[in-house]
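Commentary on secondary and tertiary structure
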Amino acid sequence: MQIRLVKPCVGEEELTALKDVIERAWLGKGPKVAEFEAAWSDFLSCPSSVAVNSGTAALHLAIQVFQFPIGKKVLVPAMTFVSTANAALYNRLEPVFVDVDEDTLSIDLEDLDRKCDPDCVAVIPVHFGGHPVKMDELMTWARDKNIKVVSDCAHCAGGSYKSKKLGLWGDIGCFSFEEKKLLVTGDGGMISSNDPELIQSLRVKAQTGMNSHTWDRAVQAEIQDYPDAYHWYYEVHELGFKYNMNDIAAAIGLVQLKKLERMNLSRSRIVKKYLQGFQNSPLVRLGMPYRDDTPYYLFMLRTSHRDSLIEHLTRMGVSTGVHTMPLPWHPLYSEHKKDIPTANRIWQEYVTLPLFPEMTDEQIQYVIDNVMEWKP
Ligand SMILES: *Cc1c(COP(=O)(O)O)cnc(C)c1O
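If you're wondering where the values come from, they're calculated on a predicted model, not measured in any experiment.

What about the site of the ligand?
In the region of the ligand, 16 residues are neighbours, and Gly55, Thr56, Asp152, Ser176 and Lys181 sit closest. With respect to the ligand, the side chain of histidine 155 contributes an N or O atom lying 2.7 Å from an oxygen atom. Between the ligand and the protein, one listed contact pairs an oxygen atom with a side-chain N or O atom of lysine 181 at 3.0 Å. Relative to its unbound accessible area of 380 Å², the ligand is 91% covered by the protein chains. Because more than half of its atoms lie within 2 Å of the grid, the ligand is assigned to the largest pocket. Elements represented by at least two residues in the shell around the ligand include exactly α3 (55-64) and α4 (82-90). Of the residues that constitute the shell around the ligand, the class distribution is four nonpolar, nine polar and three charged.

Side note on the pairing of strand β2 (residues 73-77)
Across the five residues of β2, five count as buried, placing the element largely inside the fold. By the alternation rule, side chains of β2 split into Lys73, Leu75 and Pro77 and Val74 and Val76, which are all buried. As judged from the five bridges shared by β2 and strand β3 (residues 94-98), these two strands associate in the parallel manner. For leucine 75, the partnering residue across the bridge sits in β3 and is valine 96. Read as a crossover between parallel neighbours, the route from β2 over α4 to β3 is right-handed. Bridge analysis of β2 against strand β4 (residues 120-123) gives three bridges, and the strand direction is parallel. Bridge pairing in β4 links leucine 75 to valine 123.

Notes on the packing of aromatic side chains
The tally for this structure, following the rule as stated, stands at 14 aromatic pairs. Centroid distance tryptophan 40 to phenylalanine 175: 4.9 Å. Interplanar angle 70 degrees. Geometry classified as edge-to-face. Pair noted here: tryptophan 40 is in helix α2 (residues 31-44) and phenylalanine 175 is in strand β8 (residues 172-176), with a separation of 135 residues, a long-range link. Given the relative accessible area of 0%, tryptophan 40 is considered buried. On the numbers, 5.6 Å between centres and 25 degrees between planes, the contact of tyrosine 274 with phenylalanine 278 is stacked. Here phenylalanine 278 and tyrosine 274 lie together in helix α10 (residues 247-278), a separation of four residues that amounts to about one turn. Look at tyrosine 274 and you get buried, because its relative accessible area is 0%. Taken together, the aromatic side chains of Phe36, Trp40, Phe43, Phe175 and Phe177 make up a single cluster linked through ring pairs. Note that lysine 164 overlies the ring of tryptophan 169, its terminal NZ or CZ placed 4.5 Å from the centroid. Between the NZ or CZ atom of lysine 165 and the centre of the ring of phenylalanine 43, over which it lies, the distance is 4.3 Å.

Topic: empty space enclosed by the protein
Per the counting criterion, the structure on display carries one cavity of 30 Å³ or more. If you go around the largest cavity, you meet 15 residues; those closest to its centre are Lys7, Pro8, Lys181, Arg267 and Pro357. Of the residues assigned to the lining of the largest cavity, the class counts are nine nonpolar, one polar and five charged. Both domains that meet at the lining of the largest cavity, namely domain 1 (12-257) and domain 2 (261-373), each give it at least three residues.

Focus on the domain arrangement of the protein
Here the protein is described as being made up of domain 1 (12-257) and domain 2 (261-373). Contacts between the two partners involve 34 residues from domain 1, matched on the other side by 33 residues from domain 2. Summed over both partners, the interface of domain 1 with domain 2 comes to about 2900 Å²; 61% of that surface belongs to carbon and sulfur atoms. Linking domain 1 with domain 2 are two salt bridges. Note that glutamate 102 and arginine 345 form a salt bridge whose closest N and O atoms lie 2.8 Å from each other. Between the two partners, domain 1 and domain 2, sit 14 residue pairs in polar contact (both at pLDDT 80 or more). Broken down by secondary-structure element, the contributors of at least two residues to the side of domain 1 that touches domain 2 are α4, β3 and β6 (160-161). For the side of domain 1 that touches domain 2, the element with the highest residue contribution is α4, accounting for four residues.

What counts and how
- Along every chain, residues carry numbers that run from 1 in the direction the sequence is written.
- In keeping with the predicted nature of the model, local features appear solely for residues at pLDDT of at least 70, side-chain atom pairs appear and are counted solely at 80 or more, and the whole-chain, interface and lining totals rest on all residues.
- Water and hydrogen atoms were dropped before computing side-chain values, which therefore reflect all heavy atoms in the structure.
- For this description, a residue counts as near a given molecule or strand if any of its non-hydrogen atoms is within 4 Å of it.
- As used in this structure description, the phrase polar contact means that two N or O atoms lie within 3.5 Å; if the pair is within protein, one of them must be able to donate a hydrogen and the other to accept it, and residues adjacent in sequence are counted only when both atoms belong to side chains.
- For accessible areas, the Shrake-Rupley method is used with a probe of radius 1.4 Å. Any residue's cover is judged against the shown protein chains and nothing else.
- The rule is simple: put a 1 Å grid over the protein atoms alone, call a set of points where a 1.4 Å probe fits but cannot get out a cavity, call an open set with protein on both sides within 12 Å along at least five of seven lines a pocket, and count a residue as lining if it has an atom within 4 Å of a point.
- Think of it this way: if more than half of a molecule's atoms are within 2 Å of a pocket's grid points, that molecule is in the pocket or cavity.
- Secondary structure is summarised from DSSP: a helix means a run of H or I of at least four residues, a strand means a run of E of at least two, and numbering begins at the N terminus for each.
- Amino acids are sorted into nonpolar (Ala, Val, Leu, Ile, Met, Phe, Trp, Tyr, Cys and Pro), charged (Asp, Glu, Lys and Arg) and polar (every other residue, Gly among them).
- Using a 1.4 Å probe on the protein chains alone, a residue whose accessible area is under 20% of its type maximum counts as buried, one over 50% counts as exposed, and one in between counts as partly exposed.
- Two strands qualify as a pair provided that DSSP identifies no fewer than 2 bridges between them.
- The handedness of a crossover follows from its direction of travel: if, with the strands pointing away from the viewer, the path from the first strand over the helix to the second runs clockwise, the crossover is right-handed.
- Classification of ring pairs rests on two measures: the distance between centres of Phe, Tyr or Trp rings, Trp counted by its six-membered ring, which must be within 6.5 Å, and the angle between planes, read as stacked under 30 degrees, edge-to-face over 60 and tilted in between.
- By definition, being over a ring means that NZ of Lys or CZ of Arg is both within 6 Å of the ring centre and within 35 degrees of the ring normal.
- Grid points are joined across faces, edges and corners, and a volume is the space filled by probe spheres set on the points.
- Throughout, the edges of the domains are those of an automatic or database domain assignment.
- Contacts are residue-level and defined by heavy atoms, with any inter-residue pair within 4.5 Å sufficient.
- Once two parts are brought into contact, the accessible area they lose, counted with a 1.4 Å probe and summed over both, makes up the buried area.
- A pair is scored as a salt bridge if a Lys or Arg side-chain nitrogen falls within 4 Å of a carboxyl oxygen belonging to Asp or Glu.

Take a look at the structure:
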């Protein structure tokens, strides 16, 4: 048997949606993007959202919108994808690496307080693997320090903490719909907030600074019978970026959003089977405390013989991953390596197992059996 680490859950419904886009022959930012933004906002229960072409773009803009003075600092967790920290550098701000909580692998709230100084202007909590950061505690702390909170929700589309959807706890929530994530559009992302003014400003930034987009002008002309001039007229007041989503991605996103709850329930079903399967293992521990009220992006085991387990599973046809090498282990951020003792000590003990909505019971059992039969 050969089992992939991740596999996007796509099929006939996505194909039909794509066919509609081709037949309409509006492939760029158009009606599907507007529809997807509205459906997503409805799903999260927020006034508005901006669809962008990646989670990385979402984070870049979400930090940019606050216009922090050059050289100020942004607090980020040590274990995350590189885009979280890059969001600081893109904006000529300095990333400050906060150590991780050994239990959850997310940002350690005590170290966060220790690392925070008066130059810190924002924090980017990451709900690592889907496990929610204690956002109530983090928000109380951040409001007290007057620090902006941009949540990196790349791992938790549809997830929640204390019955409130992740993404709206802070000032801005950034999602990734890259092909491995919980909702996939090939590449794509979404920025959501309860503050419509922030979203309007982000919308302009994501469409190269144009204060109205071709599609908006087409709609206005149709509805209000504007003179032709309004078809082409727009103004640019600031330096924007070509970060908007297109209708091809949005059409897939709309189908995926309808399936999201089902796909996430399937993930939870697999996690539950893994939890039962590994509960009596003397060799592996759970990588994080899996809750039953929110979906997970990663299923991780912890073992001091990680490389041996990876080799064994690879031999048996089971793909594995490592999430993640702490960012300061990359040359780009190596000057920060000494600041994160817990991440440095533990990261080499984690291995990620296959987890995707369409995993069959047979595949799940095969993974469990091979981990349980493994001897380091
Ligand atoms: C995937 C990911 C991103 C970036 O998303 P893209 O859509 O690939 O640009 C950001 N942060 C985290 C934690 C991620 O896993």
